[in-house]
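# Structural overview
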Amino acid sequence: LAGRTPHEGFPTRREFLQQIHPDDRRGLIQAIRHAVESVASFEIRIRQRIPGSNDQHLIIRGQPIQDESGAVAEVYGVMIPTKSC
């Protein structure tokens, strides 16, 4: 989904955010920040820019995962391709 070869591997967080359409980037960052602060799941529709291709429309769903002390240790998420935002 990230438009990268297996040799390139997964994008870093910074690389991934750079691929998000500038008009959608702030909303995604806010959704993730709110999820971490409230320990609540989220769903957002965004456009992802793929080099040499048209923008790809995605639904991103995420869920904060807490450690034993209740602190958010990570955010687990999935990206679902869709036809439009």
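Higher on the page you've got the structure.
Residues numbered from 1 in each chain as written. Predicted model: local features only at pLDDT ≥ 70, side-chain atom pairs only at ≥ 80, totals over all residues. Heavy atoms only, no water.

## With respect to the pairing of strand β2 (residues 56-66)
Our working rule: In this analysis, strands are considered paired if DSSP registers two or more bridges between them. The secondary structure listing takes helices from DSSP runs of H or I that are at least 4 residues long and strands from runs of E that are at least 2 residues long, numbered from the N terminus.
Pairing of strand β1 (residues 42-48) with β2 involves seven bridges; the strand directions are antiparallel. Across the sheet, residue Gln48 finds its bridge partner in β2, namely Gln56. Two strands pair when backbone bridges link them, and β2 and strand β3 (residues 72-82) are joined in this way by 10 bridges, in the antiparallel orientation. Looking across to β3, one finds that Pro64 is bridged to Val75. Hairpin connection between β2 and β3: a loop of five residues separates the two successive antiparallel strands, and Gly70 in this loop has a positive phi of roughly 95°.

## Re the pattern of salt bridges
Heads up, the condition is: Salt bridges are defined by distance alone: a side-chain nitrogen of Lys or Arg within 4 Å of a carboxyl oxygen of Asp or Glu. Partly exposed describes any residue whose relative accessible area lies between the buried limit of under 20% and the exposed limit of over 50%, with all areas from a 1.4 Å probe on protein chains only and scaled to the type maximum.
Under the definition given, this model contains three salt bridges. Asp24 serves as the salt-bridge partner of Arg47, at 2.9 Å between the closest nitrogen and oxygen. Note that Arg47 is positioned in strand β1 and Asp24 in helix α2 (residues 22-38), a separation of 23 residues in sequence. Assessed through its relative accessible area of 22%, Arg47 is described here as partly exposed. With a relative accessible area of 12%, Asp24 lands in the buried category. When the shortest N-O distance is used, the salt bridge between Glu43 and Arg61 registers 2.6 Å. Residue Glu43 is found in strand β1, and its partner Arg61 is found in strand β2; the two are separated by 18 residues along the sequence. Overall, Glu43 belongs to the partly exposed group, its relative accessible area being 48%. You can call Arg61 partly exposed: its relative accessible area is 39%.

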